[in-house]
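Reading the structure
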Amino acid sequence: MAYTRKDVSTLTRTERRRFVDAMLELKRRGEYDEFVRMHLEYYTSDGEDGLRTAHMTPSFLPWHRQFLLDLERALRRIDASVTMPYWDWTRDRSTASAPWTDDLLGGNGRRSDHRVTTGPFAYAAGHWTIKEGVTDGKALTRDLGRAGAPIALPTKAELDRALADSVYDVWPWDSTVTKGFRNKLEGWGTGGGSASWLNHNRVHRWVGGAMLGGASVNDPVFWLHHAFVDLQWYRWQRRHPGARYLPARAPGPSDEQHDRVVARDQKLPPWDVTPAALEDVSRVYRYA
Ligand code: CU
Ligand code: CU
């Protein structure tokens, strides 16, 4: 039986508590930090050599889908009633709404150093010490909306522009492409500054603090954000029946992207799974 991932704003008090408790227990066991480490390890950009599996690449969507499934499986080993909720940032756009409440992820960071001081993941609460960061900071930090240079969350219309593209991805399959659903959703835009961050990327920027960079997994909102991104892949498939993951075949030896991207039927490191196998997960979970 497929389980259901729900909109975080619809969770009951009990569902909220059980989700938070399972996350804290995973952290207590040390398993959570393995996910942070893994995300840091796979944070290869297209300016570097080597295979890109997680970012700036067609497999951005299947890589994060499997990453979420692994975390969700770990949570469900702790509490089988828990599933990963998603944060619909086109609807819940205020710093006072879900998921920023004290019974979920807590609120914004304080003004002086952006340290989160409310909710179960506040440093002072004692259950969420950052161990694998890009800085030495041990406390979770946020700067919702980026007070010093405000940016807005992506709108429904902006998300729709990604969903409207009927092609999954285009050559050269990296952060520079201006066509294709994948990068319109991942959000590497053109030009400089905040206008160049679209959809997925813009949300990381809007949250700020720990959500910037390779250690963004340290903020539990990472998973709620990526669950919503994952839902967009499903919606895109529904909107464009028959459209598939691209590239279908690995770029050849003369292609500059040879050995740099994962084709539809190739293994997606570090797992023994292909993008094709992750295109339809409706037997595992659904979205409500
Ligand atoms: Cu990522
Ligand atoms: Cu992300």
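Described in the following lines is the structure provided in the data block. (Residues numbered from 1 in each chain as written. Chains lettered and ligands numbered in written order. Predicted model: local features only at pLDDT ≥ 70, side-chain atom pairs only at ≥ 80, totals over all residues. Heavy atoms only, no water.)

**Focus: the coordination of the copper ion (ligand 2)**
- Taken together, H200 (NE2), H204 (NE2) and H226 (NE2) make up the protein donors of the copper ion (ligand 2), found 2.0 Å from the metal.
- All donors of the copper ion (ligand 2) come from a single chain, and their spacing in sequence reads H-x3-H-x21-H.
- A separation of 4.1 Å is found between the copper ion (ligand 2) and the copper ion (ligand 1). On the criterion of helical spacing, the pair formed by H200 and H204 is a turn pair, its members being four residues apart in helix α6 (residues 199-207). A single burial state applies to H200 and to H204, both of which are buried. (Donors = N, O, S within 2.8 Å, 3.2 Å for Na, K, Ca; no water. Helix = DSSP H or I, 4+ residues; strand = E, 2+ residues; numbered from the N terminus. Buried < 20%, exposed > 50% of the residue type's maximum accessible area, 1.4 Å probe, protein only.)

**As for helix α1 (residues 13-28)**
- Its 16 residues give α1 an end-to-end C-alpha distance of 22 Å, which sits within 8% of 22 Å, the value for a rise of 1.5 Å per residue.
- Among the residues of α1, R16, F19, V20, A22, M23, L24, E25, L26 and K27 are the ones counted as buried.
- Each element contacted by the buried residues of α1 is listed here: α2 (31-41), α3 (60-78) and α7 (221-239).
- Just downstream of α1, G30 is the residue with a positive phi angle, here 85°. (Expected span 1.5 Å × (residues − 1). Contact = heavy atoms within 4.5 Å.)

**Quick notes on the coordination of the copper ion (ligand 1)**
- The coordination sphere of the copper ion (ligand 1) contains the protein donors H39 (NE2), H55 (NE2) and H64 (NE2), at a distance range of 2.0 to 2.1 Å.
- Here the donor residues of the copper ion (ligand 1) share one chain and are spaced in sequence as H-x15-H-x8-H.

**A short note on the packing of α1 against α2**
- Axis separation between α1 and α2 bottoms out at 4 Å; the angle between their running directions is 80°. Relative to α2, α1 is oriented roughly perpendicular. Facing α1, whose interface residues are M23, L26 and K27, α2 presents E31, Y32 and D33.
- Here the residues of the contact of α1 with α2 sort into three nonpolar, no polar and three charged. (Axes fitted to C-alpha atoms, helices over the stretch in contact; angles between N-to-C directions. Parallel < 35°, antiparallel > 145°, perpendicular 65-115°, else oblique. Nonpolar A, V, L, I, M, F, W, Y, C, P; charged D, E, K, R; others polar.)

**Quick look at empty space enclosed by the protein**
- Summed over the entire model, instances satisfying the criterion amount to one cavity of 30 Å³ or more.
- In this structure, the largest cavity spans a volume of roughly 30 Å³.
- If you trace the largest cavity, you find it lined by L61, H64, R65, H226, V229 and D230.
- Where the lining of the largest cavity is concerned, the elements lending two or more residues are α3 and α7.
- Taken together, the residues that form the lining of the largest cavity break down as two nonpolar, two polar and two charged. (1 Å grid on protein atoms, 1.4 Å probe; cavity = no way out; pocket = protein on both sides within 12 Å on 5 of 7 lines; lining within 4 Å. Points joined across faces, edges and corners; volume = space filled by probe spheres on them.)

**Quick notes on the packing of aromatic side chains**
- This structure, assessed with the given rule, holds 24 aromatic pairs.
- Aromatic pair F35 and W223: ring centres 5.8 Å apart, planes at 85°, arrangement edge-to-face. You can see F35 sitting in helix α2 and its partner W223 sitting in helix α7, a full 188 residues away along the chain. With respect to burial, F35 and W223 carry one shared label: buried.
- With a centroid separation of 6.1 Å and 85° between ring planes, the pair formed by F67 and F222 is classed as edge-to-face. Linking F67 in helix α3 with F222 in helix α7, this pair joins segments that are 155 residues apart in sequence. Just as F67 is buried, F222 falls in that class too. (Phe/Tyr/Trp six-rings, centres within 6.5 Å; stacked < 30°, edge-to-face > 60°.)

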